[in-house]
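Commentary on secondary and tertiary structure
Here is what each chain is made of, one letter per residue.
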Amino acid sequence: LGAMASHPEPGADPRVSTDFRLARRMVERSLADAASGAPNAAASTAAWTVAADGRAFRRPGGRTVRLERRRAMPRLLSRLLDERLRAPGDALSLAQLVESGWTGERMLPSSAAARLYVALATLRKLGLRKLLLTRDDGWLLDPAMPVVRLERLD
């Protein structure tokens, strides 16, 4: 697993590499975090990470995509995330998503549908293609994909 440690930890077996000891500590920390329910860096790199307010997301192992300047998209993503965490596998209808994205706005049904389709297509282009599913009954975040919700995504 790597070079033998030239300066082993006190009480450590000098035959065990530094790489092995580091890996063991990382696994122990991840297990402790998992047991406590706290998200950690290892978990968030293996999962989709979404800010609670929908203003940012990160694909597994990817870079953070910010949505602050896009008016309806953070609200749509936040609503999809809420539904995914509340009832994985349940889809949101066109009407539910339009109300979330454009709360209180009056518009023709055809205009509302067009706005929603464009917003969802844009979210897919920005990196949510694998996570955002479309079914006959609406849209949802894939329940088979691990998703972590964080208050802020830096």
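That block above? That's the structure.
Here the structure is a predicted model, which is why all the values come from computation and not from measurement.

Time to look at the side chain of Arg84. Position of Arg84 relative to the elements: it lies in helix H3 (residues 72–86). For Arg84, which is buried and forms no salt bridge, the nearest opposite charge comes from Asp142, at a distance of 6.4 Å.

So, about the nonpolar core. Ranked by internal contacts, the top residues of the largest apolar core, which has 26 residues, are Leu116, Leu128 and Leu132. If we skip the residues at most four places from it in the chain, Leu116 touches Leu76, Leu94, Leu97, Val98, Trp102 and Trp139.

The strand order across the open sheet formed by four strands is E3-E2-E1-E6, and the pairing between neighbours is mixed. What marks the edges here is a single partner per strand, and that holds for strand E3 (64–66) and strand E6 (147–150). Sheet twist, expressed as the average angle between the axes of neighbouring strands with direction ignored, equals 20°. Examined bridge by bridge, strand E2 (residues 56–58) and E3 share three bridges and lie antiparallel to one another. Note that in E3 the partner of Arg58 across the bridge is Thr64. Sheet strands touched by H3: strand E1 (48–51), E2 and E6. Its angle to E6, the strand with the most contacts, is close to 120°.

Rules and cut-offs
- Residues numbered from 1 in each chain as written.
- Predicted model: local features only at pLDDT ≥ 70, side-chain atom pairs only at ≥ 80, totals over all residues.
- Heavy atoms only, no water.
- Helix = DSSP H or I, 4+ residues; strand = E, 2+ residues; numbered from the N terminus.
- Buried < 20%, exposed > 50% of the residue type's maximum accessible area, 1.4 Å probe, protein only.
- Lys, Arg positive; Asp, Glu negative; His and termini not counted.
- Salt bridge = Lys/Arg side-chain N within 4 Å of Asp/Glu carboxyl O.
- Core = buried A, V, L, I, M, F, W, Y, C linked by side-chain atoms within 4.5 Å.
- Contact = heavy atoms within 4.5 Å.
- Pairing = 2+ DSSP bridges.
- Axes fitted to C-alpha atoms, helices over the stretch in contact; angles between N-to-C directions.

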